Amino acid sequence: MSQPQQVLLLSAFKKFDINGDGTISEDELKRVMLLLDPSFTPYELDVIFSTADLSKDGSVSIEEFSHWAAEPQGIFGVVPARAVHAMSREEQAALRIQSLARGRMARKRVKPEKRKKSVERVDEAPVTSGPAGASPITRAELWEGLAFDHGRIRPKVDLYELVSGFNGCIRTGLSSAAGVLSEASQAEELLPEQVNHLALLIKTRKELVPDDEAFEELRRIKEFVRDCEVAVRVDGNMSWRHFKNWIGVLSAFSGIDASVIFFQWYWFEFGLFQPTKEVLELLLTETVYNESRLRTLAYRQGVSVAELQGKLVSIPFNLRDVMQLVYNGGLCGRSDRPCLNPSEVQALWPHAVRHMPHMLRARRRLRSAVAIGRRSKASEKGEAFKDEGDKTSLGGLEEISVLLVLLFDSDKMKSRFSSPLEMLVDMVKFAKLNGRLWDDKTTETIALEGQP
């Protein structure tokens, strides 16, 4: 065993050896295993300890722990992460087969539920029949998209699918939204092990897990895996009620607004990006509409500046606004990052305006298809577009969302960002940090600056 492996093994051993006496007692091992996976049964814990205690003296020495940690067949799918990488492909395949077999055995113990002949819907979840294109992505719509399978909505979704989906959102920029797209009183980084552990904890409870208890568990598992990475099994299923509890805790702990989780997850699973009106309003306020511009718009419409808040997304958006968006958002004019050329943005604009009606219909078809269970991830480009009218500007939540997707689809932006959300968050942060690189003033704006 190499020196780094010995250090890792000793670190893991100390995590289990709670009282520091040099051996791991049965109680200590069971307590840590329950921390890793709250769904372990007393019988499984007895088998685990019996497998680890080779000498049968009632405790696990460092030598026994070393053998146990390296043996996938003796620990029910929980192994040190670096030990997993050290396994042969045959050993990893055997571990996966054991995990699947345990899942099948567990499902056999559960009473089969009566299936309705018609398409089943989750009792507590609002049904989304033909969602309006501009409506926000809701928790219920996301759940139905994830749960739909072969013409019916499953009452429970595989835990591995949910945990993998959320961790995929984290990898594609969800964590960057904390503290930027919402004013959170607390924001803590989420590790994949914490997401796994919380899902296992919540799905085993009959009652909902309160935030305080969940936060304590999340901090405990983070402390545990800080020096000793582990791979935790995620067998089982999660119901709609537990899904709401799980997402609520993750949102509160990470400081990421739940609505942001919903639309990012929807993009990750189905390929449709539609941020909320509040998120787009923040982006436009930081990059396009300065205070003078807002006063001019309010004067033209005969309203106060405060009355414009919440309506900026629907104001007609022209090429000059797009150029301000990309320059003030850091997508153009930077020397330290790959950037779009002004000519690329100018060439994109007529394409977006001309084909927008067709792209909106494609988005709505995709969203409706997800709502009825056709879960094919689709692209918003790639169809044969045709000229549809004489539009000269864009406006509204859907059209601004499509414009952001078109900007993200360039090779330069994809080399910088992993998702449209990550690009949007970076634009807001850049504008807040650097101010406005492009902030022109019309004659009317200058004339109005002296007015109260």
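Calculation criteria
- Residues numbered from 1 in each chain as written.
- Predicted model: local features only at pLDDT ≥ 70, side-chain atom pairs only at ≥ 80, totals over all residues.
- Heavy atoms only, no water.
- Helix = DSSP H or I, 4+ residues; strand = E, 2+ residues; numbered from the N terminus.
- Buried < 20%, exposed > 50% of the residue type's maximum accessible area, 1.4 Å probe, protein only.
- Areas by Shrake-Rupley, 256 points an atom, 1.4 Å probe, with all protein chains shown as cover.
- Disulfide = S-S within 2.5 Å.
- Phe/Tyr/Trp six-rings, centres within 6.5 Å; stacked < 30°, edge-to-face > 60°.
- Core = buried A, V, L, I, M, F, W, Y, C linked by side-chain atoms within 4.5 Å.
- Salt bridge = Lys/Arg side-chain N within 4 Å of Asp/Glu carboxyl O.
- Contact = heavy atoms within 4.5 Å.
- pLDDT = per-residue confidence, 0-100.
- Axes fitted to C-alpha atoms, helices over the stretch in contact; angles between N-to-C directions.
- Left-handed = near helix turned anticlockwise from the far one by under 90°.
- Nonpolar A, V, L, I, M, F, W, Y, C, P; charged D, E, K, R; others polar.
- Parallel < 35°, antiparallel > 145°, perpendicular 65-115°, else oblique.
- Expected span 1.5 Å × (residues − 1).
- Polar contact = N/O pair within 3.5 Å; in protein donor to acceptor, adjacent residues only side chain to side chain.

Thoughts on the overall build of the chain
Argument step 1. Helix and strand counts for the chain come out as 21 helices and eight strands.
Argument step 2. Sorting the 452 residues of the chain into buried and exposed places 49% on the buried side.
Argument step 3. Total accessible area on the chain is roughly 22100 Å²; 52% of this is exposed by carbon and sulfur atoms.

A look at the state of the cysteines
Argument step 1. Counted by the stated rule, this structure contains zero disulfides.
Argument step 2. This cysteine, cysteine 332, is not joined by any disulfide, and cysteine 339 carries the nearest cysteine sulfur, 6.5 Å off.

Focus on the packing of aromatic side chains
Argument step 1. This model, assessed by the stated rule, comprises twelve aromatic pairs.
Argument step 2. Ring centres 6.3 Å apart and planes at 70 degrees place the aromatic pair tryptophan 246 and tryptophan 265 in the edge-to-face group. Here the residue tryptophan 246 occupies a position in helix α11 (residues 240-254), and tryptophan 265 occupies one in helix α12 (residues 258-270), the gap between them amounting to 19 residues.
Argument step 3. By way of ring pairs, the aromatic residues Trp143, Phe166, Trp240, Phe243, Trp246 and Trp265 are connected into one cluster.

As for the nonpolar core
Argument step 1. Core analysis: the largest hydrophobic core is formed by 98 residues, its most contacted members being Phe166, Phe243, Trp246, Trp265 and Phe317.
Argument step 2. Per-element accounting of this core gives the leading share, ten residues, to helix α17 (residues 342-371).
Argument step 3. In terms of nonpolar packing, the next biggest core, distinct from the first, is built from 19 residues, Val32, Met33, Trp68 and Phe224 among them.

What to know about the pattern of salt bridges
Argument step 1. Within the structure shown, the criterion is met by 16 salt bridges.
Argument step 2. Aspartate 46 is the partner of lysine 30 in a salt bridge, and the nearest nitrogen-oxygen pair spans 2.5 Å. Highlighted residues: lysine 30 in helix α2 (residues 26-36) and aspartate 46 in helix α3 (residues 42-52), separated in sequence by 16 residues.
Argument step 3. Lysine 30 gets classed as buried once you look at its relative accessible area, which sits at 18%.
Argument step 4. With a relative accessible area of 37%, aspartate 46 lands in the partly exposed category.
Argument step 5. For the salt bridge of glutamate 344 with lysine 412, the shortest nitrogen-to-oxygen distance reads 3.2 Å. Separated by 68 residues along the polypeptide, glutamate 344 in helix α17 and lysine 412 in helix α19 (residues 411-416) bring together distant segments of the chain.
Argument step 6. We classify glutamate 344 as partly exposed; its relative accessible area is 33%.
Argument step 7. Take lysine 412: its relative accessible area is 28%, and that puts it in the partly exposed class.
Argument step 8. Because the salt bridges share partners, they merge into one network encompassing Arg334, Asp336, Arg337, Arg416 and Asp426.

Details of the environment of alanine 187
Argument step 1. Tracing the sequence through the fold places alanine 187 in the loop between α8 (159-171) and α9 (192-203).
Argument step 2. Remark: the alpha-carbon pair of alanine 187 and isoleucine 256, spanning 69 residues in sequence, is separated by 7.6 Å.
Argument step 3. In this structure alanine 187 touches Ala178, Phe253, Ser254 and Gly255, once residues within four positions along its chain are discounted.

Some remarks on the confidence of the model for the chain
Argument step 1. Residue-level pLDDT values for the chain average 77, and 73% of them are 70 or greater.
Argument step 2. Contacts from residues 72-131, a stretch scored under 50 in pLDDT, to residues over four places away or in other chains number 78 contacts.
Argument step 3. Note on residues 375-388: pLDDT is under 50 here. Beyond four places in sequence and across chains, it has 39 contacts.

Some words on helix α13 (residues 277-287)
Argument step 1. Residues of α13 that are buried: Val279, Leu280, Glu281, Leu283, Leu284 and Thr287.
Argument step 2. On the buried face of α13, the contacting elements are α12, α16 (319-328), α18 (397-408) and α20 (420-434).

A word on the packing of α17 against α18
Argument step 1. Packing of α17 against α18 brings their axes to within 10 Å, and their N-to-C directions diverge by 115 degrees. You can see that α17 and α18 cross each other, and the crossing is right-handed. Residue-level inspection shows Leu348, Ala352, Met356, Met359, Leu360, Arg363 and Arg364 of α17 in contact with α18, the latter providing Glu398, Glu399, Ser401, Val402, Leu406 and Leu407.
Argument step 2. A class-by-class count of the residues in the contact of α17 with α18 yields eight nonpolar, one polar and four charged.

Re the packing of α8 against α11
Argument step 1. The contact between α8 and α11 brings their axes to 13 Å, and the two run at 25 degrees. Judged by the angle between their axes, α8 and α11 are roughly parallel. For the crossing formed where α8 meets α11, the hand is right-handed. Taking contact as the criterion, the partners of Leu162, Val163 and Phe166 in α8 are, on α11, Phe243, Trp246, Ile247 and Leu250.
Argument step 2. In terms of residue class, the contact of α8 with α11 is built from seven nonpolar, no polar and no charged.

As for α18
Argument step 1. In this model α18 runs 17 Å from its N-terminal to its C-terminal C-alpha over twelve residues, within 8% of the 16 Å that 1.5 Å per residue would give.
Argument step 2. Counting buried residues along α18, twelve of its twelve residues qualify, which places the element largely inside the surrounding structure.
Argument step 3. Among all positions of α18, only Leu397, Glu398, Glu399, Ile400, Ser401, Val402, Leu403, Leu404, Val405, Leu406, Leu407 and Phe408 are buried.
Argument step 4. Contacts made by the buried residues of α18 are with α12, α13, α16, α17, α19 and α20.

Let's talk about the side chain of serine 419
Argument step 1. Mapped onto the secondary structure, serine 419 falls in the loop between α19 and α20.
Argument step 2. Take serine 419: its relative accessible area is 0%, and that puts it in the buried class.
Argument step 3. Among the polar contacts listed, one links the side chain of serine 419 to the backbone nitrogen of glutamate 422, at a separation of 3.1 Å.
Argument step 4. Not counting residues up to four positions away in its chain, the partners in contact with serine 419 are Thr172, Gly173, Gln264, Trp267 and Phe408.

Structural notes on the environment of proline 342
Argument step 1. Residue position: proline 342 is located in helix α17.
Argument step 2. For proline 342 and methionine 323, which are 19 residues apart along the polypeptide, the C-alpha to C-alpha distance reads 7.6 Å.
Argument step 3. Those residues in contact with proline 342, other than ones at most four positions away along the chain, are Met323, Tyr327 and Cys332.

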